[in-house]
Amino acid sequence: ASELNLEVVRKLYTYESGSKSLDISPTRRFSDILCEMALDPNCGRMTVADIDIDSIYSAEAEILSYFGISDMAEFNRTFDDINISYQESIFILATAIASTARRENGLHFIKLEKLTQIPKLLFNSQNTKPESLTVSDTFGILDDYDGLEVKWTNKDNNFIQESIKLPTEYMVNYKTIELTGVINYRQAMILANREWNKLKFANKSIKFDAYSEHNLV
């Protein structure tokens with residue numbers, strides 16, 4: 001049997017004004033999708049009071065301003081695996097937009113991963129378990145990877161899976177990751193370079209056991 005690939009855009013309500021829109025409209029915006037997933041009675045099973053709508057749309061505006069392209073605020077994936085939990089779905093979505101997802105005081109937050117000059121949280125002897133701290137220095141790249149292979153789905157090439165290999169396609173020991181919900185080349189390339197830089201420059205590992213404050217990270 002032959003297969004037919006179609007590019008389909010979901011129609012959803014938007015909550016950008018702070019309340020539910022009157023009509024549904026086509027959208028690829030992660031903000032609309034996140035709200036829909038959270039409020040779905042079979043998925044997130046939450047209410048509007050359980051999600052911080054203002055912060056979600058503010059995070060979208062920050063992402064658009066930081067990267068300068070609308071692709072970075074898109075999520076293009078329909079979850080068809082009943083074994084994926086709601087929490088896993090949210091983390092997958094956050095990864096596609098270079099962000100992290102967390103829940104604090106019962107509310108959902110999306111936070112762009114970027115350089116910050118001011119510490120967000122201080123861990124010291126008052127909120128860490130005694131003698132649990134270990135610090136490791138790495139010389140070179142962890143596990144001797146010499147490259148990164150990022151797999152993504154190219155909408156401009158019949159939605160087939162393609163690979164971005166950094167720093168070149170002639171390396172030997174690639175670390176392989178797969179991007180979900182990413183179908184635009186610019187978005188895939190930005191995410192690939194961010195992951196490659198993490199791999200290259202992560203030369204110190206710090207581990208410790210924290211008390212209740214760890215939930216804020």
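Residues numbered from 1 in each chain as written. Predicted model: local features only at pLDDT ≥ 70, side-chain atom pairs only at ≥ 80, totals over all residues. Heavy atoms only, no water.

A.B. asks: What am I meant to see in the sheet that holds strand β7 (residues 160-166) here?
C.D. replies: Read across the open sheet, the three strands follow the order β7-β6-β8; overall the sheet is mixed. Both outer strands of the open sheet, β7 and β8 (174-178), are each paired with one neighbouring strand and no more. The average angle at which neighbouring strand axes cross in this sheet is 25°, direction not considered. As paired elements, strand β6 (residues 147-154) and β7 share seven bridges and run antiparallel to each other. Bridged to glutamate 149 within β7 is lysine 165. Running over the sheet, helix α4 (residues 185-201) touches β6, β7 and β8 and is turned about 160° from β6. (Pairing = 2+ DSSP bridges. Helix = DSSP H or I, 4+ residues; strand = E, 2+ residues; numbered from the N terminus. Axes fitted to C-alpha atoms, helices over the stretch in contact; angles between N-to-C directions. Contact = heavy atoms within 4.5 Å.)

A.B. asks: Whenever I open this one, the packing of aromatic side chains confuses me. Can you help?
C.D. replies: Tallying each qualifying case throughout the model produces three aromatic pairs. Taken together, a centroid distance of 4.9 Å and an interplanar angle of 85° make the contact between tyrosine 66 and phenylalanine 67 edge-to-face. On the accessibility criterion, phenylalanine 67 (17% relative accessible area) is buried. With a centroid separation of 6.0 Å and 55° between ring planes, the pair formed by tryptophan 152 and tyrosine 185 is classed as tilted. (Phe/Tyr/Trp six-rings, centres within 6.5 Å; stacked < 30°, edge-to-face > 60°. Buried < 20%, exposed > 50% of the residue type's maximum accessible area, 1.4 Å probe, protein only.)

A.B. asks: What exactly am I supposed to notice about unusual backbone geometry here?
C.D. replies: With the exception of glycine, the majority of residues adopt a negative phi angle, and the majority of peptide bonds are in the trans configuration. Along the chain, leucine 166 connects to proline 167 via a cis peptide bond; the corresponding omega equals 0°. Relative to the assigned elements, proline 167 resides in the loop between β7 and β8. If you check the backbone angles, alanine 98 has positive phi at about 55° while not being a glycine. You can see alanine 98 is positioned in the loop between α3 (86-96) and β3 (99-104).

A.B. asks: Please clarify how a nonpolar patch on the surface should be interpreted in this entry.
C.D. replies: On the surface, a cluster of nonpolar side chains totalling about 370 Å² of accessible area is made up of Leu133, Val135, Ile206 and Phe208. With respect to the helices and strands, the residue isoleucine 206 is situated in strand β9 (residues 204-207). (Patch = residues over 30% accessible without salt bridge, like charges linked within 9 Å, V, L, I, M, F, W, Y side chains within 5 Å. Areas by Shrake-Rupley, 256 points an atom, 1.4 Å probe, with all protein chains shown as cover. Salt bridge = Lys/Arg side-chain N within 4 Å of Asp/Glu carboxyl O.)

A.B. asks: Please clarify how the nonpolar core should be interpreted in this entry.
C.D. replies: Side chains that are nonpolar tend, in soluble globular proteins, to be buried together. Counting residues in hydrophobic clusters, the biggest one holds 45 residues, and the most contacted among them are Phe30, Ile51, Ile63, Leu93 and Ile110. Of all elements in the fold, only α1 (30-39), α2 (53-67), α3, β4 (107-112), β6, β7 and α4 reach the threshold of two or more residues within this core. The element that contributes the greatest number of residues to this core is α1, accounting for seven residues. Ignoring any residue separated from it by four or fewer positions in sequence, one finds isoleucine 63 in contact with Phe30, Gly68, Met72, Ala73, Ile97, Ser99 and Leu112. (Core = buried A, V, L, I, M, F, W, Y, C linked by side-chain atoms within 4.5 Å.)

A.B. asks: What exactly am I supposed to notice about α4 here?
C.D. replies: Residue pairs spaced three or four apart in an α-helix point in one direction, given the helix's 3.6 residues per turn. The terminal C-alpha atoms of α4, which comprises 17 residues, lie 24 Å apart, in line with the 24 Å expected from a rise of 1.5 Å per residue. Among the residues making up α4, those that are buried are Gln187, Ala188, Leu191, Ala192, Arg194, Trp196 and Leu199. Buried residues in α4 make contact with α2, α3, β6, β7 and β8. (Expected span 1.5 Å × (residues − 1).)

A.B. asks: When you look at α3 in this model, what are you seeing that I'm missing?
C.D. replies: Among the residues making up α3, those that are buried are Tyr86, Ser89, Ile90, Leu93, Ala94 and Ala96. Along the long axis of α3, the arc covered by the buried residues comes to 160°, so they all point the same way. The inward-facing, buried residues of α3 contact α1, β3, β4 and α4. (Arc of directions from axis to C-beta.)

A.B. asks: What is the right way to read the packing of α1 against α3 from this model?
C.D. replies: Two measures define how a pair of helices packs: the angle their axes make with one another and the distance between the axes. The geometry of α1 relative to α3 is characterised by a closest axis approach of 11 Å and an angle of 175° between their N-to-C directions. In terms of orientation, α1 lies roughly antiparallel with respect to α3. Along the contact surface, α1 presents Phe30, Ile33, Leu34, Met37 and Ala38, while α3 presents Tyr86, Ser89, Ile90 and Leu93. Looking at the contact of α1 with α3, its residues break down into eight nonpolar, one polar and no charged. (Parallel < 35°, antiparallel > 145°, perpendicular 65-115°, else oblique. Nonpolar A, V, L, I, M, F, W, Y, C, P; charged D, E, K, R; others polar.)

A.B. asks: Which parts of the structure should I look at to understand the side chain of threonine 128?
C.D. replies: Along the polypeptide, threonine 128 turns up in the loop between β4 and β5 (134-137). Relative accessible area serves as the criterion here: at 15%, threonine 128 is assigned to the buried category. The residues touching threonine 128, leaving out its near neighbours within four places in the chain, are Phe123, Phe208, Asp209, Ala210 and Tyr211.

A.B. asks: Help me out: how do you make sense of the state of the cysteines in this one?
C.D. replies: Cysteine pairs can be covalently joined through their sulfur atoms, and such a bond is termed a disulfide. In this structure the tally under the stated criterion is zero disulfides. Cysteine 43 takes part in no disulfide bond, and the closest cysteine sulfur to it belongs to cysteine 35, at a distance of 13 Å. Under the relative-accessibility criterion, cysteine 43 is labelled partly exposed at 27%. (Disulfide = S-S within 2.5 Å.)

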